[in-house]
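Chain by chain, the residues run as shown.
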Amino acid sequence: MASVRSHESIELMTYSEVVEVSGYVGNFKVKIRKKPRYVDEDKCTGCGVCQEKCPFKADNEFDVGLGSRKAIFTPFPQAVPNIPVIDPDSCAYFLRNKCRACEKFCEAGAIDFEQTEKLVEVDVGSIIITTGFDSFDPSPIVQYGYGIYDNVYTGLQFERMSNASGPTGGKLQLRDGSQPKSVAILHCVGSRDTNYHEYCSRVCCMYSLKFSHIIREKIPDAEIYQFYIDLRCFGKGYEEFYNRLQEEGVNFIRGRAGEVTNVAETPEEKGKLIVLCEDTLIGRQRRIPVDMVVLSNALEPRADAGETAKLFSLSRTADGFFMERHPKLDPVATMTDGIFIAGCCQGPKDIPDTVAQASAAAARVLSMISKGEVEIEAATSIVDEELCSGCKTCLELCPYNAISFDEEKKLASINEALCKGCGTCAAACPSGAIVSKHFTTEQILSQVEGVLI
Amino acid sequence: MKYYTYFPGCSSSDGGAKAYGSSALAVAKALDVELVELEDWNCCGSTPYTSVDELASLCTSARNLALAEKRGLDLVTPCSSCYVILSRTNSHLKEYPELRVKVGKALAAGDLEYHGTVRVRHLLDILVNDIGLDEIASRVKRDLSGLKVAPYYGCQVVRPGPSFDHPESPQSLDRLIESLGAEATPFPLKARCCGGSLIIPEEDVALGLVNKLLDSAVGGGAECIITVCPLCQTNLDVYQGRVNKKFKTHYKIPVLFFTQLVGLAMGMGIKELGIEKCIVSAEKILAGYIER
């Protein structure tokens, strides 16, 4: 990311949001809202004094509720750019008109409380969408006790906990600060479940295995249990990693956990979380007491994927992810020319797959740029201006937003770069003014005649 | 005034849970709800019967629905078992056309027919969702603040399939207790099985389940338990002594019907609500509140 930022041909706009997209391949106009950071990006040196001096704290979103951050903060140490942002919801100056400690201590004089949001318009030839995913919130699955029992964590929380720069400095610990002696990792939480998401989230098996390895490394004598339906170790080197963990003494229990409870039945279970499951390999119900439970929760579409889809005229599959042009032959492009997708916004995938798809998307854009021209459909529709009555029926129907209305001439006109020749407008036009090139009424009728005779 | 067809079921009308039926009717009356007993009703089809002869059980059950359909109102029952069986008959008849034909024939023999339009409701659903907690709270006359109550839903009222509350973590009874001014205690096993009719053929299994429930309720700090099902009440109340003997425990926690607690909050008396019929006496715990 740092090299992206320093690249002379790349302009990185963080803390910004696309608000409007118009135009077509090679000629997009994109309106971007730059949110106020209240820190002057040109003056800030990233020294971090403001974050040290700021007296106000809030939950750190990046640590998923496990740690805190200041009111002026960078989400994590490696964040790009290394320029903090002030959160007006937790900053005393915005809330009570007091403090301004950051301003006093900033040697570069970069703090600017007067900043307002800016609208920027840029011309671009193509767009790659990589909006990623949201982590499934497991609290609706009450039987797993997330949000009810203290020591039930999501995968992302565990990930933060095990991170050396995370809220516990990489120490695996329970809420009371003690070290867990046994950990249960529950697979497919919210995935492969008709009540939540039917699809497989693809990454959970491997990150669950990675968690086991981390636990084994940090707490060598810990008992680790994996509750799985199937282990889908499909990638290069993945199966070998699974085998290695079996040798490391991780307990693999084939059976989706039914419940996590704190209701003990025996003295050994007292004070522990008990995972109830059917072990389908031995054909018995089991109760397994552990100190910590990690839920390998699903990947799901971003909460605002619907709005993003509307903004860029994308389609979504039934599971809510953005739809590619073709699931096998064109998994990078979308139905709109010049707009590409990569990563988990298209569907759950792991890092190597994401990198491959992102590289493909970048290559597609580069090939368009180096060619300097785009190929368009031969069979587009055209408007016969003599016949068009200006009724605007076609405008609403076009799935590619290719038809515009000339208010002066009161006529519809079709943008050939956008038209895909689907024929919807031609079929709907009440005055017969729109014809699909190579599929005119006469051509179709003669074909029919040919077939009949 | 709200009107419903009322299906008391065997326990609440003339069986061990007579007090449930009478308190339900008394509370309904006080809340301006008219429960008109279904004329000529019969057994709901009952859980044990289902496992012996499902078709006969469905026919028995469907007869009640056919009778209720004539009145065109929701069919309300206070018994979780009746609620589940009648609801299941409804959904089975909708889902399986071949059953519809067979059951239809049986009904026709009694000059009846059923078109599947009756909505089966549990009394708890009516109180919480039709009458509303605010309305109930506004009718509270007796101060129950401080009374710690474990809300016991049992397994049937929220299962199977979509019901009026969450199957794993139901809340309606908790909210009802709070609207009455009492305190709902944490009760992790609130939607677990009480052993049901297993108390007869497999007493050991059922006693084990009852023991867990009592342990969980008492562990949560409850002074009494309220139930929404006659069978749950029987198992938890009547068999408490046997649990104590078998597991060497000392439970002495009264088990009331939820309607009794609602009635109590609305100012009704112990006798009127049949609370004195409980095996584990509730009078001692409630005495302080009655005098308030």
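Located above this text is the structure these notes cover.
Quantities reported herein were computed from a predicted structural model and do not represent experimental measurements.

(A) Molecular detail of the overall build of chain A. When helices and strands are tallied, chain A shows 12 helices and 23 strands. With the principal axes as the frame, chain A shows a C-alpha extent of 90 × 70 × 40 Å. When contacts within chain A are restricted to residue pairs at least 6 apart in sequence, those whose partners lie at least 24 apart make up 63%.

(B) Molecular detail of the environment of Gly271 of chain A. Residue and element names in this part refer to chain A. Positionally, Gly271 belongs in the loop between β14 (257-261) and β15 (273-279). Judged by the 10 C-beta atoms lying within 10 Å of it, Gly271 is exposed. In the structure, Gly271 is positioned 80 residues away from Ile351 in sequence and 38 Å away in space, judged by C-alpha atoms.

(C) The arrangement of the packing of helix α9 (residues 203-219) of chain B against helix α11 (residues 240-247) of chain B in detail. Residue and element names in this part refer to chain B. Two numbers describe how α9 lies on α11: the axes approach to 10 Å, and their chain directions differ by 95°. Judged by the angle between their axes, α9 and α11 are roughly perpendicular. Contacts between α9 and α11 involve Leu207, Val210, Asn211 and Leu214 from the first element and Gln240, Arg242, Val243, Lys246 and Phe247 from the second. Residues belonging to the contact of α9 with α11 are distributed by class as follows: five nonpolar, two polar and two charged.

(D) Quick peek at the sheet that holds strand β16 (residues 284-290) of chain A. All names here are of chain A. Sheet architecture is open: three strands sit in the order β14-β15-β16, paired in antiparallel fashion. Only two strands of the sheet have a single neighbouring strand rather than two, namely β14 and β16. With direction set aside, neighbouring strand axes in the sheet form an average angle of 20°. Across four bridges, β14 lies against β15 in antiparallel orientation. Among the inter-strand pairings, Glu259 is bridged to a residue of β15, identified as Leu276.

(E) Seen up close, helix α2 (residues 18-30) of chain B. All names here are of chain B. Here α2 spans 19 Å end to end across 13 residues, near enough to the 18 Å set by a 1.5 Å rise per residue. Of the positions making up α2, those classed as buried are Ala19, Tyr20, Gly21, Ser22, Ser23, Ala24, Val27 and Ala28. A positive backbone phi angle near 60° is found at Asp32, which sits one or two residues after α2.

(F) Geometry of the sheet that holds strand β10 (residues 152-154) of chain A. Residues and elements named next belong to chain A. Ordered in space as β10-β17-β11-β12-β13, the five strands form an open sheet in which the pairing is parallel. With partners counted over all chains shown, the strands left at the sheet margins are β10 and β13 (251-254), one partner each. Put simply, the sheet's adjacent strands are angled 20° from each other on average, direction ignored. Sheet strands touched by helix α6 (residues 204-218): β11 (182-189), β12 (223-228) and β17 (292-297). Its angle to β11, the strand with the most contacts, is close to 175°.

(G) The arrangement of the pairing of strand β5 (residues 148-152) of chain B in detail. All names here are of chain B. Here β5 lies mainly inside the structure; four of its five residues are buried. In this structure, β5 lies alongside strand β6 (residues 183-184), joined through two bridges in parallel fashion. In the strand pairing of β6, Lys148 is matched with Glu183. What joins β5 to β6 is helix α8 (residues 172-179), and the crossover it makes is right-handed. Note that β5 and strand β7 (residues 224-227) share four bridges and pair parallel. When the sheet's bridge partners are listed, Ala150 is paired in β7 with Ile225.

Reading guide: rules and limits
Residues numbered from 1 in each chain as written. Chains lettered and ligands numbered in written order. Predicted model: local features only at pLDDT ≥ 70, side-chain atom pairs only at ≥ 80, totals over all residues. Helix = DSSP H or I, 4+ residues; strand = E, 2+ residues; numbered from the N terminus. Contact = placed C-beta atoms within 7 Å. Buried ≥ 20, exposed ≤ 12 C-beta atoms within 10 Å, placed from the backbone. Axes fitted to C-alpha atoms, helices over the stretch in contact; angles between N-to-C directions. Parallel < 35°, antiparallel > 145°, perpendicular 65-115°, else oblique. Nonpolar A, V, L, I, M, F, W, Y, C, P; charged D, E, K, R; others polar. Pairing = 2+ DSSP bridges. Expected span 1.5 Å × (residues − 1). Right-handed = clockwise from strand over helix to strand, strands pointing away.

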